[in-house]
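Below are the chains, spelled out letter by letter.
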Amino acid sequence: MNAKQKLAEMNARAAALYKADGKTMSAFRGLMVAANREGKVSPAMKEMIAIAVAIGRGCEDCIVFHTSEAKAHGASREELLEVLAVAIEMSGGPGTVYAAKALAAFDEL
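Residues numbered from 1 in each chain as written. Predicted model: local features only at pLDDT ≥ 70, side-chain atom pairs only at ≥ 80, totals over all residues. Heavy atoms only, no water.

1. A word on helix α5 (residues 77-108)
Line of reasoning, step 1. Between its first and last C-alpha atoms α5 spans 12 Å; for 32 residues at 1.5 Å apiece the expected length is 46 Å, and the helix comes up short by more than 12%.
Line of reasoning, step 2. A maximum bend of about 140° is found in α5 at G92, where proline P94 lies one to four positions downstream.
Line of reasoning, step 3. Turning to α5, its buried residues are L80, V83, L84, A87, G95, A99, A102, L103, A105 and F106.
Line of reasoning, step 4. Looking at the buried residues of α5, the elements they touch are α1 (3-20), α3 (43-57) and α4 (60-72). (Helix = DSSP H or I, 4+ residues; strand = E, 2+ residues; numbered from the N terminus. Expected span 1.5 Å × (residues − 1). Bend = angle between axes of the 7 residues up to and from the residue. Buried < 20%, exposed > 50% of the residue type's maximum accessible area, 1.4 Å probe, protein only. Contact = heavy atoms within 4.5 Å.)

2. Some remarks on the state of the cysteines
Line of reasoning, step 1. Under the defined criterion, the tally for this structure stands at one disulfide.
Line of reasoning, step 2. Disulfide pairing places C59 opposite C62 at an S-S distance of 2.4 Å. The chirality of the disulfide connecting C59 with C62 is right-handed, given an S-S dihedral of about 65°.
Line of reasoning, step 3. The class of C62 is partly exposed, set by a relative accessible area of 30%. (Disulfide = S-S within 2.5 Å.)

3. Here's the deal with the packing of α4 against α5
Line of reasoning, step 1. Here α4 crosses α5 at 40°, and the two axes come no closer than 9 Å. Put simply, α4 runs oblique to α5. The element α4 and its partner α5 pack so that their crossing is right-handed. The segment α4 lies against α5, with E60, I63, V64, T67 and K71 engaging Y98, K101, A102, A105 and F106.
Line of reasoning, step 2. Per-class residue counts for the contact of α4 with α5 are six nonpolar, one polar and three charged. (Axes fitted to C-alpha atoms, helices over the stretch in contact; angles between N-to-C directions. Parallel < 35°, antiparallel > 145°, perpendicular 65-115°, else oblique. Left-handed = near helix turned anticlockwise from the far one by under 90°. Nonpolar A, V, L, I, M, F, W, Y, C, P; charged D, E, K, R; others polar.)

Just distances and angles here, no functional claims.
Have a look at this one:
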């Protein structure tokens, strides 16, 4: 399954959860909006920070989602590679596995 398919499936699961528990999901969406508000850090960089955290946590769906968002906000492959290097530094071997998944998702999207 490629990154676009993974993203579509993840979005479908999230939509189902939103339908099942709109109150919680609306609150979570509010947190996402607040965290990504205008500020000194660009939206692309905020998404790349999220990618680094997702790599450290081993959340493949989060990696695909935030990689898609970073790319949509204009993040370059070179910028992503620098962020992935830091994620690998902080996460070791498992970080390397998930960083490779982030790079593959970026290239597929």
